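# Topology and contacts: notes
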Amino acid sequence: LGQATNSVSAEATLWHARVYSRQNNHAEAARVLLALIPRFRNENSPYLPDLLLDAGAALMAAQKYDKAADVFTEIQQRGATGERLSDVLRLHATCLHYTRQFANSLSYTGRYLAMNTTNAAVSFLNEALFMHAENQYLVTPPLMDAALQTYRDFLRLFPRDPNADTATLRIAQVLYKK
């Protein structure tokens, strides 16, 4: 896609990568984005945040969670705010959770939940709240009382969520271990 660092180059790269993602070729989508990002990074381009976010999402879809977490760290270091920061916190927490870094993931789910209301209508709140409870349960040492309360909050807000049965099981496991 040439050496330009303008809007056409950025848009072309984003759409090129999205074609690969649509074809479930996430590794190639990430490769296309990661190849172009250094040029935009060097110029501190306004297109860099979108390129980074798509690269992180492609890496996640390719199950390269460590690399995706690094991308999400960079987005935060570059001063993401508002809705973008909220999305990045949630995605970063997911990467850390999948790599069994439960304490770090717990920190990010906590930050995500603090930024968002406990209104069940908030996008991804169900996933974040359940992951927060799982992190509390799985961290060493487990935060049993906190996990118990978070699982109960999750079930109160999302009784029909696909993770409701797991939350119910975890409540029983917590109570058994207490």
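Summary of the structure given here. (Residues numbered from 1 in each chain as written. Predicted model: local features only at pLDDT ≥ 70, side-chain atom pairs only at ≥ 80, totals over all residues. Heavy atoms only, no water.)

### Topic: helix α1 (residues 7–22)
For clarity, the threshold we go by: The numbering of helices and of strands both runs from the N terminus, where a helix is a DSSP run of H or I of at least 4 residues and a strand a run of E of at least 2. To estimate the expected span of a helix, count its residues, drop one, and scale the result by 1.5 Å. Relative accessibility decides the category of a residue: with a 1.4 Å probe and only protein chains considered, values under 20% of the type maximum give buried, values over 50% give exposed, and everything between is partly exposed. By arc we mean the arc of the directions from the helix axis to the C-beta atoms, nothing more. Here, residues are in contact when the closest pair of their heavy atoms is within 4.5 Å.
Taking 1.5 Å per residue, 16 residues should reach 22 Å; α1 reaches 22 Å between its end C-alpha atoms and fits that length. The complete set of buried residues in α1 reads Ser9, Ala10, Thr13, Leu14 and Ala17. Angular distribution of buried residues about the axis of α1 spans 130°; they occupy a single face of the element. Summarising the geometry of α1, the exposed residues directed more than 90 degrees from the buried face are Val8, Trp15 and Arg22. In this structure, the buried residues of α1 make contact with α2 (26–42) and α3 (48–61).

### What to know about the side chain of His92
Looking at the element boundaries, His92 is found in helix α5 (residues 82–98). For His92, a relative accessible area of 3% corresponds to the buried category. Setting aside its immediate chain neighbours within four residues, His92 contacts Ala69, Phe72, Thr73, Gln76 and Tyr108.

### Digging into the environment of Gln23
Within the element layout of this structure, Gln23 appears in the loop between α1 and α2. Residue class for Gln23 comes out exposed when judged on its relative accessible area of 53%. Spatially, the C-alpha atom of Gln23 lies 18 Å from that of Lys64, the residues being 41 residues apart in sequence.

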